[in-house]
Amino acid sequence: DKFNESASSTWNGSMETFSIQYGTGSCSGLIGYDSVDVGHDGNFITQQGIGAASTVAAFFGMTNVDGIMGLAYDGLSSDMVTTPLSNYVNQGILTGRKLGVKLASGPDGNNNSVLDFGFFDSSEYMGSLTTLNIQQLFGQFLYITVNFNTFNINGNMMPGCAAAPCTSILDTGTSLLVGPSAYVGPLISAIGYTAGSCN
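Note that the structure is predicted; figures quoted are calculated from it, not measured.

What counts and what doesn't
- Residues numbered from 1 in each chain as written.
- Predicted model: local features only at pLDDT ≥ 70, side-chain atom pairs only at ≥ 80, totals over all residues.
- Heavy atoms only, no water.
- Patch = residues over 30% accessible without salt bridge, like charges linked within 9 Å, V, L, I, M, F, W, Y side chains within 5 Å.
- Areas by Shrake-Rupley, 256 points an atom, 1.4 Å probe, with all protein chains shown as cover.
- Salt bridge = Lys/Arg side-chain N within 4 Å of Asp/Glu carboxyl O.
- Helix = DSSP H or I, 4+ residues; strand = E, 2+ residues; numbered from the N terminus.
- Polar contact = N/O pair within 3.5 Å; in protein donor to acceptor, adjacent residues only side chain to side chain.
- Core = buried A, V, L, I, M, F, W, Y, C linked by side-chain atoms within 4.5 Å.
- Buried < 20%, exposed > 50% of the residue type's maximum accessible area, 1.4 Å probe, protein only.
- Contact = heavy atoms within 4.5 Å.
- Phe/Tyr/Trp six-rings, centres within 6.5 Å; stacked < 30°, edge-to-face > 60°.
- Pairing = 2+ DSSP bridges.

Draft legend 1. The arrangement of a nonpolar patch on the surface in detail. Side chains of M69, V101, L103 and L115 sit close together on the surface and give an oily, nonpolar patch of about 340 Å² of accessible area. With respect to the helices, strands and loops of the structure, M69 is situated in the loop between α1 (58-61) and α2 (84-90).

Draft legend 2. How the structure looks around the environment of S77. When you line up the elements, S77 lands in the loop between α1 and α2. Separated by 57 residues in sequence, S77 and I20 have C-alpha atoms that sit 9.0 Å apart. A distance of 2.8 Å separates the side chain of S77 from the backbone oxygen of D74, its partner in a polar contact.

Draft legend 3. Examining the nonpolar core more closely. Ranked by size, the top nonpolar core spans 7 residues in total: I45, L71, L85, Y88, L94, L99 and F117. Non-local contacts of I45, meaning those with residues more than four positions away in its chain, are made with D34, S35, V36, V38, P84, N87, Y88, Q91 and I93. With 5 residues, the next largest nonpolar core counts F18, I31, Y33 and V81 among its residues.

Draft legend 4. Spatial organisation of unusual backbone geometry. Going from A164 to P165, the amide bond is cis rather than trans, its omega being 5 degrees. You can see P165 is positioned in the loop between β8 (156-159) and β9 (166-170). Unusually for a residue other than glycine, F138 sits at a positive phi of about 55 degrees.

Draft legend 5. Up close: the packing of aromatic side chains. Evaluated as defined, the whole model comprises 3 aromatic pairs. Ring centres 5.1 Å apart and planes at 45 degrees place the aromatic pair Y88 and F117 in the tilted group. Taken together, the positions of Y88 in helix α2 and F117 in strand β5 (residues 114-117) put the pair 29 residues apart, joining distant regions of the chain. By relative accessible area, Y88 is classed as buried at 4%. Judged by its relative accessible area of 12%, F117 is buried. On the numbers, 5.0 Å between centres and 50 degrees between planes, the contact of F148 with F151 is tilted.

Draft legend 6. Local environment of the environment of Y183. Mapped onto the elements, Y183 comes out in helix α3 (residues 181-191). Looking at Y183, the relative accessible area reads 21%, which means it is partly exposed. Each C-alpha atom, one on Y183 and one on P159, is 6.7 Å from the other, the two residues being 24 residues apart in sequence. Beyond its immediate sequence surroundings of up to four residues, Y183 is in contact with P159, G160, C161 and A162.

Draft legend 7. Expanded view of the pairing of β8. As paired strands, strand β7 (residues 150-153) and β8 are joined by 4 bridges and run antiparallel to one another. Pairing of N152 across the sheet is with M157, part of β8.

Draft legend 8. Representation of the environment of C166 within the structure. With respect to the secondary-structure elements, C166 resides in strand β9. Classification of C166 as buried rests on a relative accessible area of 3%. The spatial distance from the C-alpha of C166 to the C-alpha of N156 is 18 Å, given a sequence separation of 10 residues. With residues up to four places along the chain from it excluded, the contact list for C166 reads V146, N147, F148, N149, G160 and C161.

Bear in mind that shape data such as this cannot, by itself, settle questions of function.
So, in structure tokens, the structure goes:
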């Protein structure tokens, strides 16, 4: 469903403007506020800032994307609008910033990606989870940034950088894997890169 502000009884428009530049283009428009139920579970975030785009890059017009929801921290959001995940915590709907992400896109047509707010679904992974502390950049929380020492691919340990700890940004909004070729190359080989695929 496409967002239709006139169909919402709780929409509160404003004259606040926003403009965001992405790697694939930009969008701009006005910020409004609404009650949002992300998972259709009855847990409404109230007064959630929403950028209602009036201008979008051609790239977005060629996709089935209805919108983009930022999952990083408020310091990275356009005009410092409080992000949905922060509002979940601020409004007492969630007790912490847990975010479970399953990205599924395969040749068999399985596009059943899942976003779990407030918990990790144990049926979606094997073994135990290792938690890492989120690191600040430039004295504040912006991206979901973590430090790590090595990659473990099918039991093979690989260095992630020249001198541990390595710093990495975890970003569900990109399909890029960026880093020094000496470390990223072996990682891509171990995962099983196929040209033209996003597997």
